[in-house]
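Next come the chains, spelled out residue by residue.
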Amino acid sequence: MGTLLSSWPFGIALGLVVQGRIAESLGWRTGMAIAALFCLFALILILVVYHPPPGAAARAAGGSTWWNPPDWPSLRSVLISGSAWGCLNVGLIILFSFGASLLAARGMSLQDAATVTSIALWISIFSVPVGGYLLQRSTIPRLLANLSYLAGALALLALYLDTWPVLACILFGLALGPGPGVLTAMPSRVRRPENRITGLAILATVNSAFMGIGPMIAGIFADAAHSPAAALLLGVAMMLACVPLTILFEATLPRVSSN
């Protein structure tokens, strides 16, 4: 999962560096159109390149459909892991949106501010798969994952306090490494083959809800305080929330086989 998700920060980082310049030169509509073309290209790649894994047709014939909801204990675990994944994503979104605005308010050009915050994403391209690899071979993966969330919160707090912003972004990128792979792999421990598709869809829906509502609340905080710095405190809280949510996931894990 860490290797798969290493492509996620790459697209965001590339957008931070490129899309602002496209908007300045060709207009914001052109930037949106180019982003849409990338989505279309991804769809074409899936249609042309993707092939179902061996045995997928047999499993589908055995009753695995797009709507086959998990039982309540498994659903509860998926909702908890989706909430943790959503919290981490909100913290990330706050970094590269309000963090860039904060650096610009402190004197950087908007493009330089976006470039500085994108450092965290460029680093995470490598730290996410490496972090997943190391945790998979560690005897204390949960402890290391929780320490990474705490380190991410510390990095956002350092940026809020205007303490070495470049180093803060570097720290956030390194701290982000173990988190994504762990959080997105958690539901696989409770989803059975017959409800895996629906469970993953529920995970994505919960994450999308957090990503839609979180930046809006951060914007309200920033407007109320008349400074984008206030939004970073919400990011700190979101990163910290990953710790109790992962502990809650383990505490409520169904005591049944999830093969």
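Residues numbered from 1 in each chain as written. Predicted model: local features only at pLDDT ≥ 70, side-chain atom pairs only at ≥ 80, totals over all residues. Heavy atoms only, no water.

Would you mind going over the overall build of the protein with me for this structure?
Within the protein, the regular secondary structure consists of 11 helices and 0 strands. In sequence order, the protein lays out its α and β elements as α-α-α-α-α-α-α-α-α-α-α. Taken over C-alpha atoms, the radius of gyration comes to 19 Å for the protein, in line with the 18 Å a tight globule of 259 residues would show. When the backbone C-alpha atoms are referred to their principal axes, the protein occupies close to 60 × 40 × 35 Å. For the protein, buried positions account for 43% of its 259 residues. Taking contacts inside the protein between residues at least 6 apart in sequence as the whole, the part at least 24 apart equals 85%. Looking at the protein as shown, the accessible area adds up to about 13400 Å², and 74% of this sits on carbon and sulfur atoms. Charge separation in the protein, taken as the distance between the mean sites of 12 positive and 7 negative side-chain charges, equals 13 Å. (Helix = DSSP H or I, 4+ residues; strand = E, 2+ residues; numbered from the N terminus. Rg over C-alpha atoms; globule rule 2.2 N^0.38 Å. Buried < 20%, exposed > 50% of the residue type's maximum accessible area, 1.4 Å probe, protein only. Contact = heavy atoms within 4.5 Å. Areas by Shrake-Rupley, 256 points an atom, 1.4 Å probe, with all protein chains shown as cover. Lys, Arg positive; Asp, Glu negative; His and termini not counted. Charge placed at Lys NZ, Arg CZ, Asp CG, Glu CD.)

Could you clarify how one ought to interpret the packing of helix H2 (residues 7-26) against helix H3 (residues 28-49) in this entry?
For any two helices packed against each other, the geometry comes down to the angle between their axes and how far apart the axes lie. In the contact formed by H2 and H3, the axes pass within 6 Å of each other and the chain directions differ by 135°. For the element pair H2 / H3, the angle class is oblique. Contacts from Gln-19, Ile-22, Ala-23 and Leu-26 of H2 reach H3 at Trp-28, Thr-30, Gly-31, Ile-34 and Ala-35. Among the residues making up the contact of H2 with H3, the classes are represented as 6 nonpolar, 3 polar and no charged. (Axes fitted to C-alpha atoms, helices over the stretch in contact; angles between N-to-C directions. Parallel < 35°, antiparallel > 145°, perpendicular 65-115°, else oblique. Nonpolar A, V, L, I, M, F, W, Y, C, P; charged D, E, K, R; others polar.)

Just checking my understanding: could you explain helix H6 (residues 110-136) for this structure?
For H6, which comprises 27 residues, the first-to-last C-alpha distance of 39 Å matches the rise-based estimate of 39 Å (1.5 Å per residue) to within 8%. The largest bend in H6 comes to about 40°, at Ser-124. (Expected span 1.5 Å × (residues − 1). Bend = angle between axes of the 7 residues up to and from the residue.)

Even after reading the chapter, I still don't get the packing of aromatic side chains, so can you show me in this structure?
Any aromatic ring pair is given by two values, namely how distant the centres are and how the planes are angled relative to each other. Evaluated as defined, the whole model comprises 1 aromatic pair. Seen from their ring centres, Phe-10 and Trp-122 are 5.7 Å apart, and the 75° between their planes marks the pair as edge-to-face. Taken together, the residues Phe-10 in helix H2 and Trp-122 in helix H6 connect sequence positions 112 residues apart. Exposure remark for Phe-10: the relative accessible area of 40% places this residue in the partly exposed category. (Phe/Tyr/Trp six-rings, centres within 6.5 Å; stacked < 30°, edge-to-face > 60°.)

Sorry, what's going on with the pattern of salt bridges here?
When the charged atoms of two side chains with opposite charge come close together, those side chains can pair. Per the counting criterion, the structure on display carries 2 salt bridges. Salt-bridge contacts for Asp-162 lead to Arg-106; the nearest nitrogen and oxygen are separated by 3.4 Å. Of this pair, Asp-162 sits in the loop between helix H7 (141-160) and helix H8 (165-175) while Arg-106 sits in the loop between helix H5 (72-105) and H6; the two residues are 56 residues apart in sequence, bridging distant segments of the chain. Given the relative accessible area of 44%, Asp-162 is considered partly exposed. The partner of Glu-250 in a salt bridge is Arg-142, and the shortest N-O contact between them spans 2.9 Å. Of this pair, Glu-250 sits in helix H11 (residues 229-251) while Arg-142 sits in helix H7, and the two are 108 residues apart along the sequence. (Salt bridge = Lys/Arg side-chain N within 4 Å of Asp/Glu carboxyl O.)

Explain the state of the cysteines to me, please; I cannot follow it from the model alone.
Where two cysteines share a covalent bond between their sulfur atoms, that bond is called a disulfide. All chains considered together, the criterion is met by 0 disulfides. The closest cysteine sulfur to the non-disulfide-bonded Cys-242 is located on Cys-87, 5.4 Å from its own sulfur. Taking relative accessible area as the criterion, Cys-242 reaches 0% and is therefore assigned buried. (Disulfide = S-S within 2.5 Å.)

Teacher, can you tell me more about the packing of H7 against helix H9 (residues 178-185) here?
Following both chains from N to C, one finds H7 and H9 inclined at 125°, their axes separated by 9 Å at the closest point. Classified by the interaxial angle, the pair formed by H7 and H9 is oblique. Here H7 runs over H9; the crossing is left-handed. Across the interface between the two elements, Ala-145, Ser-148 and Tyr-149 of H7 pack against Pro-178, Gly-179, Val-182 and Leu-183 of H9. (Left-handed = near helix turned anticlockwise from the far one by under 90°.)

How do you make sense of the nonpolar core when you look at a structure like this?
In globular proteins that are soluble, nonpolar side chains generally tend to be buried together. Counting residues in each nonpolar core, the largest one holds 58 residues, and the members touching the most others are Leu-88 and Phe-172. Put simply, the parts of the chain that give this core at least two residues each are H2, H5, H6, H7, H8, helix H10 (196-225) and H11. Take this core: its biggest share by element is 16 residues, from H5. (Core = buried A, V, L, I, M, F, W, Y, C linked by side-chain atoms within 4.5 Å.)

Honestly, the environment of Val-130 in this entry has me stumped. Any pointers?
Structurally, Val-130 can be placed in helix H6. Distance from Val-130 to Val-243, taken between C-alpha atoms, is 21 Å for residues 113 residues apart in sequence.

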